[in-house]
Amino acid sequence: GTVYLSMGKYDDAMEYMQRVLVGWTKIFGETHRDVAGINVNIAKIYFELEDNIKSLEYYHKALVILSLYYDEDYEKIVEVKEKINEITAKLNKN
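Scoring rules and cut-offs
Residues numbered from 1 in each chain as written. Predicted model: local features only at pLDDT ≥ 70, side-chain atom pairs only at ≥ 80, totals over all residues. Heavy atoms only, no water. Salt bridge = Lys/Arg side-chain N within 4 Å of Asp/Glu carboxyl O. Helix = DSSP H or I, 4+ residues; strand = E, 2+ residues; numbered from the N terminus. Buried < 20%, exposed > 50% of the residue type's maximum accessible area, 1.4 Å probe, protein only. Axes fitted to C-alpha atoms, helices over the stretch in contact; angles between N-to-C directions. Parallel < 35°, antiparallel > 145°, perpendicular 65-115°, else oblique. Left-handed = near helix turned anticlockwise from the far one by under 90°. Contact = heavy atoms within 4.5 Å. Nonpolar A, V, L, I, M, F, W, Y, C, P; charged D, E, K, R; others polar. Phe/Tyr/Trp six-rings, centres within 6.5 Å; stacked < 30°, edge-to-face > 60°.

Could you clarify how one ought to interpret the pattern of salt bridges in this entry?
According to the stated counting rule, one finds six salt bridges in the structure shown. The salt bridge partner of glutamate 15 is arginine 19, with a shortest N-O separation of 4.0 Å. Highlighted residues: glutamate 15 and arginine 19, both in helix α2 (residues 10–28), separated by four residues, approximately one helical turn. By relative accessible area, glutamate 15 is classed as partly exposed at 48%. Given a relative accessible area of 54%, arginine 19 falls into the exposed group. In this structure, lysine 81 engages glutamate 72 in a salt bridge whose closest nitrogen and oxygen atoms are separated by 2.0 Å. Note on glutamate 72: relative accessible area 51%, which makes it exposed.

Would you take a moment to explain the packing of helix α3 (residues 33–48) against helix α4 (residues 52–69) for this structure?
Packed helices, taken two at a time, are described by their axes: the angle between them and the distance between them. For the pair α3 and α4, the least separation of the axes is 8 Å and the interaxial angle reads 160°. Relative to α4, α3 is oriented roughly antiparallel. The crossing of α3 and α4 is left-handed. Of the residues in α4, those touching α3 at Arg33, Val35, Ala36, Asn39, Val40, Ile42, Ala43, Lys44, Tyr46 and Phe47 are Asn52, Lys54, Ser55, Tyr58, Tyr59, Lys61, Ala62, Ile65, Leu66 and Tyr69. Looking at the contact of α3 with α4 residue by residue, the classes come out as 13 nonpolar, three polar and four charged.

Help me understand unusual backbone geometry in this model?
Outside of glycine, negative phi angles account for most residues, and trans bonds account for most peptide bonds. Backbone geometry places glutamate 50, a non-glycine residue, at a positive phi of 60°. Counting through the fold element by element, glutamate 50 comes out in the loop between α3 and α4. Judged by its relative accessible area of 63%, glutamate 50 falls in the exposed class.

Help me understand the packing of aromatic side chains, please; the structure alone is not making it clear to me.
The geometry of an aromatic ring pair is captured by two quantities: the separation of the ring centres and the angle between the planes. Tallying each qualifying case throughout the model produces four aromatic pairs. Arranged with centres 6.1 Å apart and planes meeting at 75°, the rings of tryptophan 24 and phenylalanine 28 form a pair that is edge-to-face. Placement of the pair is tryptophan 24 and phenylalanine 28 together in helix α2, with a separation of four residues, close to one helical turn. Residue class for phenylalanine 28 comes out partly exposed when judged on its relative accessible area of 40%. Taking 6.3 Å as the distance between ring centres and 50° as the angle between the ring planes, the aromatic pair formed by tyrosine 69 and tyrosine 70 counts as tilted. Overall, tyrosine 69 belongs to the partly exposed group, its relative accessible area being 35%. Classification of tyrosine 70 as partly exposed rests on a relative accessible area of 25%.

Laid out in structure tokens, this is it:
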């Protein structure tokens with residue numbers, strides 16, 4: 001999925017990530033760290049597709065999960081919060 005994402009093949013990336021999200025959620029549960037990572041990847045795809053609302057939704061899901069495991073200053077939490085702030089600012093301009 002991340003290969004498709006890096007190649008700009010967003011439809012293929014989304015299809016793959018959605019399947020992985022369903023599978024990993026069934027196997028690991030909704031609050032597993034790997035599920036958070038998939039949510040981040042889906043958020044990135046929506047961001048690239050300029051669907052800021054959906055991107056924000058998936059970044060928020062990831063943040064909730066990551067916050068269960070890590071402190072506020074954990075690198076991935078900081079990155080996710082920065083993206084949430086960036087998207088929110090973008091939406092507030094419109």
